[in-house]
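# Examination of the molecular architecture
Listed below are the residues making up each chain.
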Amino acid sequence: MTPLLQVENIAKFYGARIGCTDVSFDLYPGEVMGIVGESGSGKSTLLNCLAGHLTPDDGSVQFDTRAEGLRDTITMSEPERRMLSRTDWAFVHQHARDGLRMNVSAGGNVGERLMAINARHYGDIRGSAIDWLGRVEISEDRIDDRPTAFSGGMQQRLQIARNLVTGPRLVFMDEPTGGLDVSVQARLLDLLRGLVREMNLSAIIVTHDLAVVRLLADRLMVMKDGHVIETGLTDQVLDDPQHAYTQLLVSSVLQV
Amino acid sequence: MISIENVSKSFVLHNQGATEIPVMQNASLTVAVGECVALVGASGAGKSTLMRMIYGNYLTVTGRILVGDVDVAAAAPREIIHLRRHTLGYVSQFLRVVPRVSTLDVVAEPLLATGTPREDANIIAQSLLARLNIPERLWSLSPTTFSGGEQQRVNIARGFAYPYPALLLDEPTASLDPANCATVLAMISEAKLRGAAIIGIFHDNAAREEICDRQLDVTKYTLGLAA
Ligand SMILES: Nc1ncnc2c1ncn2[C@@H]1O[C@H](COP(=O)(O)OP(=O)(O)OP(=O)(O)O)[C@@H](O)[C@H]1O
Ligand SMILES: Nc1ncnc2c1ncn2[C@@H]1O[C@H](COP(=O)(O)OP(=O)(O)OP(=O)(O)O)[C@@H](O)[C@H]1O
Ligand SMILES: [Mg+2]
Ligand SMILES: [Mg+2]
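Residues numbered from 1 in each chain as written. Chains lettered and ligands numbered in written order. Predicted model: local features only at pLDDT ≥ 70, side-chain atom pairs only at ≥ 80, totals over all residues. Heavy atoms only, no water.

## Here's the deal with the overall build of chain A
A tally of regular secondary structure across chain A gives 10 helices and 10 strands. Taking 256 residues into account, the globule formula puts the C-alpha radius of gyration at 18 Å, and chain A, at 18 Å, falls close to it. For chain A, the spread of C-alpha atoms along the principal axes amounts to about 55 × 45 × 40 Å. Counting all 256 residues of chain A, 54% fall into the buried class. Put simply, 67% of the contacts in chain A that link residues at least 6 apart link residues at least 24 apart. Summed over all atoms, the accessible surface of chain A reaches about 10900 Å², with 47% contributed by carbon and sulfur. Put simply, chain A has 25 plus and 34 minus side-chain charges, and the middle of one group is 7 Å from the middle of the other. (Helix = DSSP H or I, 4+ residues; strand = E, 2+ residues; numbered from the N terminus. Rg over C-alpha atoms; globule rule 2.2 N^0.38 Å. Buried < 20%, exposed > 50% of the residue type's maximum accessible area, 1.4 Å probe, protein only. Contact = heavy atoms within 4.5 Å. Areas by Shrake-Rupley, 256 points an atom, 1.4 Å probe, with all protein chains shown as cover. Lys, Arg positive; Asp, Glu negative; His and termini not counted. Charge placed at Lys NZ, Arg CZ, Asp CG, Glu CD.)

## Concerning the site of ligand 1
Residues and elements named next belong to chain A. Close contacts around ligand 1 come from Y14, R17, I18, G19, E38, S39, G40, S41, G42, K43, S44 and T45, and that covers them all. Between an oxygen atom of ligand 1 and a side-chain N or O atom of T45, the distance comes to 2.5 Å. Its free accessible area being 630 Å², ligand 1 has 61% of it covered by the protein chains. Residues that form the shell around ligand 1 fall into these classes: 2 nonpolar, 7 polar and 3 charged. (Near = heavy atom within 4 Å. Polar contact = N/O pair within 3.5 Å; in protein donor to acceptor, adjacent residues only side chain to side chain. Nonpolar A, V, L, I, M, F, W, Y, C, P; charged D, E, K, R; others polar.)

## Some words on helix α3 (residues 103-113) of chain B
Counting buried positions over the 11 residues of α3 of chain B gives 9, a clear majority of the element. Three or more residues of α3 of chain B are buried, namely T103, L104, V106, V107, A108, E109, P110, L111 and L112 of chain B. Those residues of α3 of chain B hidden inside the fold are in contact with α7 (182-198) of chain A together with α4 (118-131) and α5 (148-161) of chain B.

## Focus on the nonpolar core
All names here are of chain B. Judged by nonpolar contacts, the single largest core of 92 residues is most densely connected at F160 and I188. Ignoring anything within four residues of it in the chain, the contact list for F160 reads L128, L167, L169, M187, I188 and A191. Residues A27, A75, I81 and V218 belong to the second largest nonpolar core, which totals 37 residues. (Core = buried A, V, L, I, M, F, W, Y, C linked by side-chain atoms within 4.5 Å.)

## Focus on the sheet that holds strand β4 (residues 58-65) of chain A
Residues and elements named next belong to chain A. On the basis of which strands lie adjacent, the open sheet formed by 4 strands has the order β2-β1-β4-β5 and antiparallel pairing. In this open sheet, the two strands that pair with only one neighbour each are β2 (17-27) and β5 (69-72). The sheet shows a mean angle of 25° between the axes of neighbouring strands, direction not considered. As paired strands, β4 and β5 are joined by 4 bridges and run antiparallel to one another. Across the sheet, the residue bridging to Q62 is D72, located in β5. (Pairing = 2+ DSSP bridges. Axes fitted to C-alpha atoms, helices over the stretch in contact; angles between N-to-C directions.)

## Here's the deal with the site of ligand 2
Lining the immediate environment of ligand 2, one finds D239 of chain A together with F11, V23, A42, S43, G44, A45, G46, K47, S48, T49 and Y58 of chain B. This site is not confined to one chain, since residues near ligand 2 come from chains A and B. S43 of chain B places a polar side-chain atom, nitrogen or oxygen, 2.6 Å from an oxygen atom of ligand 2. A distance of 2.9 Å separates an oxygen atom of ligand 2 from a polar atom in the backbone of G46 of chain B. Contact with the protein chains hides 69% of the accessible area of ligand 2, taken as 640 Å² for the molecule alone. Examining the composition of the shell around ligand 2, we find that 3 residues originate from one element, helix α1 (residues 47-55) of chain B, more than from any other. For the shell around ligand 2, the class distribution of residues is 5 nonpolar, 5 polar and 2 charged.

## Quick notes on the interface of chain B and chain A
Residue-level contacts link 23 residues of chain B with 24 residues of chain A. Taken over both partners, the interface formed by chain B and chain A buries close to 2100 Å², and the fraction arising from carbon and sulfur atoms is 50%. Sorting the residues of chain B by area buried against chain A places R78, R96 and R100 of chain B first, and these three jointly supply 27% of that buried surface. Linking chain B with chain A are 4 salt bridges. Linking chain B with chain A are 11 residue pairs in polar contact (both at pLDDT 80 or more). Of all the elements in the fold, those that place two or more residues in the side of chain B that touches chain A are β1 (2-13), α2 (77-86) and α3 of chain B. Element by element, the count of residues in the side of chain B that touches chain A is highest for α2 of chain B, at 5 residues. The residue makeup of the side of chain B that touches chain A, split by class, is 12 nonpolar, 4 polar and 7 charged. (Buried area = accessible area lost by both parts, 1.4 Å probe. Salt bridge = Lys/Arg side-chain N within 4 Å of Asp/Glu carboxyl O.)

## Focus: the sheet that holds strand β6 (residues 88-91) of chain B
Backbone-to-backbone hydrogen bonds pair the strands of a sheet. The strands run either parallel or antiparallel. Residues and elements named next belong to chain B. Pairing is parallel across the open sheet formed by 5 strands, whose spatial order is β6-β7-β8-β3-β9. Each edge of the open sheet is held by one strand with a lone partner, namely β6 and β9 (214-217). Across the sheet, the mean angle separating the axes of adjacent strands is 20° when strand polarity is ignored. Bridge count between strand β7 (residues 166-170) and strand β8 (residues 197-201): 5 bridges; the pairing is parallel. Paired with D170 across the two strands is I201, which belongs to β8.

## Re the confidence of the model for chain A
Model confidence for chain A is summarised by a mean pLDDT of 91, while 99% of its residues fall at 70 or above. Looking across chain A, the model is least confident in α7 of chain A, with a mean pLDDT of 78, and most confident in strand β1 (residues 5-14) of chain A, with 98. (pLDDT = per-residue confidence, 0-100.)

## A short note on the state of the cysteines
Using the criterion set out here, one finds 0 disulfides over all chains in the structure. Here C49 of chain A is not cross-linked by a disulfide; its sulfur's nearest cysteine counterpart is in C20 of chain A, at 4.9 Å. The thiol of C36 of chain B is not disulfide-bonded; the next cysteine sulfur, from C212 of chain B, is found 3.5 Å away. (Disulfide = S-S within 2.5 Å.)

Listed below in structure tokens is the structure:
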């Protein structure tokens, strides 16, 4: 099997400060990888390098494209990368407002992604939008409302619908459940679990919530000061952490 | 089916003065197809630890743990995930519940994950829940609020839904009444008959005698370690 994503020696510096460095891993189709670590450890920097939002200073990110197999997304042209981010990739932001168009209706937010990949038939687009709103448990009669009229949890579900409607193969998520109530989080996690399985998605999820990775991620990467300090099967890293920092991280939460 | 060779384990507590807790040294064990082997030894002897190492839940640094043809001690995470999905089942002592997922789905999940159609998976899950006396009105609810014994039976139903060639059972009968205990023992012997290699931990002597072909006292791998 070819990995969907092959990351080698990614490094990003902000002047003299390390964003992240020496990061390498493979991600296979259907795999979900969690990235945990304290604030400032480089999680978002890494995710943004992988998703093409930041240009790393070193390393390569090979993505298994549908047409040409493995391609380095860092060196490919900007239009090619933009096309990938509209079709094969999805990016779920921590703050729904960063991933939604707040002055466009819920239906428009979902439909827009389809139009960006050349869907033209109004009825089909509206039909897909309704289908996806339903999947993320937003009722059809809210389709013409703007996201500003939605609760935080609903906005986050709308962002997920907007991202997944194009049938991506790889989803990047930066703290997708951050800032939500625990009960709302549980519902969102359950939704994400179902979608990941049904669509055989690969995903990379950044979070500092160990319960979230326990539920969603097959594999875990622990970061500190821009470095990856421990990796492994999620339950193994959480139940038998090897590194001092990981032990501290795991023992600092009550129960996961 | 399962072959453990010279496995050692110690925990290093880095944040408590780097205390090293040696748990076992050079443990070896083989379990053949259709065989059930009991792990015995006092509380804290390392029974659950060895079982978790076989499942890949605890890291194994020295020795080999072969389940089928996969060496758990050396396998990549995705190989272990594949092994757990298709070959190696584990009934842990406590059910780890996913919020909002119904009991029926919890039990059907291992079948769905291996490609069983939804309808067939539901039928199997329902018959297991019925057999383990989980009242039908509870099937659509999340097991989060169930009693300890009910959760344990849901856990067992889940562990037996898919016919794994190898099974690890950590105290599967611990919080069960005699009738349910007998059902679980019957399920274990059926699994043996279809060829499953089983490793079990049973506090109940009678249950262990009834179902296990042999026993391994893990204390013999821990003697002299704890100073
Ligand atoms: N645009 C920037 N300019 C300068 N330094 C930055 C910039 N973005 C991030 N950094 C620094 O890079 C390091 C990694 O930051 P990053 O945002 O990746 O951390 P994080 O792990 O996502 O943290 P959090 O959990 O708080 O979101 C930090 O030291 C941060 O201050
Ligand atoms: N994750 C861990 N970190 C540190 N020490 C551990 C960990 N897991 C187990 N141990 C230690 O390993 C030793 C063996 O524990 P284990 O749970 O395997 O015992 P057991 O034989 O299953 O006992 P019981 O019959 O009470 O369940 C104990 O000293 C325990 O404290
Ligand atoms: Mg961040
Ligand atoms: Mg135990």
